[in-house]
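Chain by chain, the residues run as shown.
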Amino acid sequence: EDLNGRIGQGRVFITSPPVEQSKMTLVNFIPQYLDFQVHTVGDHGVLLSIPTIMKDGEWGEIYFYGDTPKDPMLIRGELTEPHVIGTALLDTGHYTFPPEEAVDKNGEKIEYRELAGVYFELKLKSGKNTWYQNEFNSQFLELKVDPGDEIMIEGKDADRTPQEAGIKCHGDAGSREGYLRYLGHEFKLEEASLYIPKGKLPHMQGKANDKLRDVDVASAGGVRKADVDIWVIFNGSFGNIQFSLDSAPRFSTDEKAAQNILLSYIMFGQDMTGLTSGAGAGYTKEQLQNYYQQKVGQAAAQAGLDAIDRIASFQATKLLRPLGQKIGNLDLSLKSNLLGTGIASGSATPIPVEPTGNTLLGQTSPLVALEARKYLDQRLSVVTSVGVGRNLLTDQPSLQGQVGVGLDVTKNLSLGVTTGQNPYGQFETTGGFQLSQTLPDIMKPKKGDMTPPRFVRFDKYDIGGGKYQLIWGTDKVTRCEVRVYDANGQLVQDSTEKKEYAYDHKMVVERLSADAEYKIQIIARDLNDNPASVSQTIAPETSE
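Computed from a predicted structure; not experimentally measured.

1. What to know about the overall build of the chain
Stage number 1. Per the secondary structure count, the chain includes two helices and 31 strands.
Stage number 2. Within the structure as shown, the chain displays about 28,800 Å² of accessible surface, and the carbon and sulfur contribution to it stands at 54%.

2. Things to note about the nonpolar core
Stage number 1. Membership of the largest hydrophobic core comes to 32 residues, with the highest contact counts inside it found for L141, L180, F187, M204, V232, F234 and F251.
Stage number 2. Of all the secondary-structure elements, those providing two or more residues to this core are β11 (139–145), β13 (167–182), β14 (185–196), β15 (203–219), β16 (222–237), β17 (240–248) and α1 (255–268).
Stage number 3. Counting residues in each nonpolar core, the second largest holds 17 residues, with Y468, W472, L512 and I522 among its members.

3. Focus on the pairing of strand β31 (residues 531–538)
In summary, the side chains of a regular strand alternate between the two faces of the sheet.
Stage number 1. Sheet analysis places strand β30 (residues 518–525) next to β31, joined by eight bridges and oriented antiparallel. From the neighbouring strand, Q521 faces β31, where its bridge partner is S535.
Stage number 2. A loop of five residues connects β30 with β31, the two strands running antiparallel in sequence, and D529 in this loop sits at a positive phi of about 70 degrees.

4. Some remarks on the pairing of strand β7 (residues 60–65)
Stage number 1. Across the six residues of β7, six count as buried, placing the element largely inside the fold.
Stage number 2. Neither face of β7 is open: one carries G60, I62 and F64, the other E61, Y63 and Y65, and all of them are buried.
Stage number 3. Pairing analysis gives three bridges linking strand β6 (residues 46–49) to β7, with the strands arranged antiparallel. Residue pairing across strands places L47 opposite E61, the latter belonging to β7.

5. Quick word on the packing of aromatic side chains
Stage number 1. Overall, the coordinates contain three aromatic pairs when judged by the stated rule.
Stage number 2. Ring centres of F234 and F243 lie 6.4 Å apart, and the angle between their planes is 40 degrees; on these two criteria the pair is classed as tilted.
Stage number 3. A network of ring pairs unites the aromatic residues Y182, F234 and F243 as a single cluster.
Stage number 4. The ring of W231 is capped by K207, whose NZ or CZ atom sits 5.0 Å from the centre of that ring.
Stage number 5. The ring centre of Y485 lies 5.2 Å from the NZ or CZ of K519, which sits over that ring.

6. Here's the deal with the confidence of the model for the chain
Predicted coordinates in regions of low pLDDT should not be interpreted in detail.
Stage number 1. Mean pLDDT over the chain stands at 77; residues scoring 70 or higher make up 76%.
Stage number 2. The secondary-structure element of the chain with the lowest mean pLDDT is strand β19 (residues 351–352), recorded at 35, while β30 shows the highest, at 95.
Stage number 3. Every residue in residues 279–289 is under pLDDT 50, and counting partners more than four places away or in other chains gives six contacts.
Stage number 4. Within the model, pLDDT remains below 50 along residues 295–300, and this stretch shows seven contacts once partners closer than five positions in the same chain are excluded.

7. So, the environment of I53
Stage number 1. Along the chain, the position of I53 falls in the loop between β6 and β7.
Stage number 2. We classify I53 as partly exposed; its relative accessible area is 22%.
Stage number 3. When neighbours within four sequence positions are excluded, I53 is seen to be in contact with H94, Y95, T96 and P99.

8. A few points about the pattern of salt bridges
Stage number 1. The final tally for this structure, using the stated rule, is 21 salt bridges.
Stage number 2. Between E164 and K168 there is a salt bridge, with its nearest N and O atoms 3.2 Å apart.
Stage number 3. Judged by its relative accessible area of 39%, K168 is partly exposed.
Stage number 4. Note that D216 is salt-bridged to K225, the shortest N-O span being 2.9 Å.
Stage number 5. Given the relative accessible area of 26%, D216 is considered partly exposed.
Stage number 6. Judged by its relative accessible area of 52%, K225 is exposed.
Stage number 7. By sharing partners, the salt bridges in this structure join D67, K123 and E150 into a single network.

9. Some thoughts on a nonpolar patch on the surface
Stage number 1. Residues L376, V382 and V405 make up a contiguous nonpolar surface patch of about 230 Å² in total accessible area.
Stage number 2. When you line up the elements, L376 lands in the loop between β21 (364–375) and β22 (380–391).

10. Structural notes on the environment of E164
Stage number 1. Here E164 shows up in the loop between β12 (150–155) and β13.
Stage number 2. Polar side-chain contacts of E164 include one of 3.2 Å to the side chain of K168.

11. Describing unusual backbone geometry
Stage number 1. Cis geometry marks the peptide bond from A248 to P249, where omega comes out at -5 degrees.
Stage number 2. Residue placement: P249 occurs in the loop between β17 and α1.
Stage number 3. For D214, which is not glycine, the phi dihedral falls at a positive 55 degrees.
Stage number 4. Mapped onto the elements, D214 comes out in strand β15.
Stage number 5. Judged by its relative accessible area of 26%, D214 is partly exposed.

What counts as what
- Residues numbered from 1 in each chain as written.
- Predicted model: local features only at pLDDT ≥ 70, side-chain atom pairs only at ≥ 80, totals over all residues.
- Heavy atoms only, no water.
- Helix = DSSP H or I, 4+ residues; strand = E, 2+ residues; numbered from the N terminus.
- Areas by Shrake-Rupley, 256 points an atom, 1.4 Å probe, with all protein chains shown as cover.
- Core = buried A, V, L, I, M, F, W, Y, C linked by side-chain atoms within 4.5 Å.
- Buried < 20%, exposed > 50% of the residue type's maximum accessible area, 1.4 Å probe, protein only.
- Pairing = 2+ DSSP bridges.
- Phe/Tyr/Trp six-rings, centres within 6.5 Å; stacked < 30°, edge-to-face > 60°.
- Lys NZ or Arg CZ within 6 Å of the ring centre and 35° of its normal.
- pLDDT = per-residue confidence, 0-100.
- Contact = heavy atoms within 4.5 Å.
- Salt bridge = Lys/Arg side-chain N within 4 Å of Asp/Glu carboxyl O.
- Patch = residues over 30% accessible without salt bridge, like charges linked within 9 Å, V, L, I, M, F, W, Y side chains within 5 Å.
- Polar contact = N/O pair within 3.5 Å; in protein donor to acceptor, adjacent residues only side chain to side chain.

In structure tokens, the structure reads:
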């Protein structure tokens, strides 16, 4: 009841080897050993709703396969501890990490007790429209994971202790799209990365920015009006993520005063310190506190209305997402500013906007906007935004619209073009590109290290048709070469890994005879080129 699959979109084939090859024996019609191959087929994955990592009513489209899309996922092992080995491609959907507690309609905690003994060796891979959300330190982050990024999960929940999780994760994921809600203010994500090293706490870092329009900035010539770019940088391990704020130009030449003014604008939409205009000069601390308290009531009430808008937008978006999937795999989101003044988007007063040389003032305040994004393939998407704004001079509503095209050229390079009305009523066409590179863990050779790597595991699985899935691990990061010899000792295959140095390795060897005997040798070399090797024999009578 807790893990639901929607029939009608997505098909999964589950097969097992022939009786004479399978280890699946039945006792009272109950298998004592599992030996299955699982593969998603067709144009769509399976739509799943998983309460502990998804919000109520949300669905994700997931594909299941092995190390590569042409290979099957394996479910092998004793009934008390079957191993799930392969890939889950999270092609679309919104997911929460770490998993959260969820309850059913009766208020009972949802727990997958039947899966507690399952040992996972599962690679979670992001697809074309995978979103991640997390609430940490009272802040909220939602971002789109870069397509192709991977997180590996290993272990079984039955091994969990109060001090340590039974299922462990490692890997890294990046993003260049999303938003961060910090101190009640919504920032647009510029770049973020999540790095989960083996045996250590996950580490998150990133930058998000916004623009305050037509605000007061202190300068040598006095107070002037200016547009100010603001940004927040977050960095640290889970449970200890630090935030730092800055702006350009700065609100004051005094760093402490500039930070206080910036915080005031972010939390309340205005300078309530008196420092910009000099109202704070010469005042005692108590007088400044009284001045702040006189202003805080009205601004706090307005900030509360903006918070209601953000909550309403999130709830409406949550309801729209399943509808968008039904009517054509659209990713729908809604932004509301019906109650607030637009603090999260800058100033609500007439603002100077100068796209393509236009010097007219923007006279519109955004009220509500609906954005629909359609992915034509893994790289190309089109987006349409339709909104309603309020003219600040006539108080009349007006329709606004934008269309755009986005293209992910590579994992780290994206292009985008939009045209139409911006939220402030100005017609503009914008275009640009974004280039990013995340280096979460720079590994270097260690001078004088002559200790060879050690193999911590080497498993092989027959997946039929002369193909074998190899899985091995080393205690140091290595790059490996796989050699296959026939019964006469002749080398028949030689493959070297193309990926970076890693602890965990997978490879499928194919085009082998199902009736012949082979020796598989793996040669691993660490960053100092220290070698180590291990071998196993594949024989028809001992194939697993």
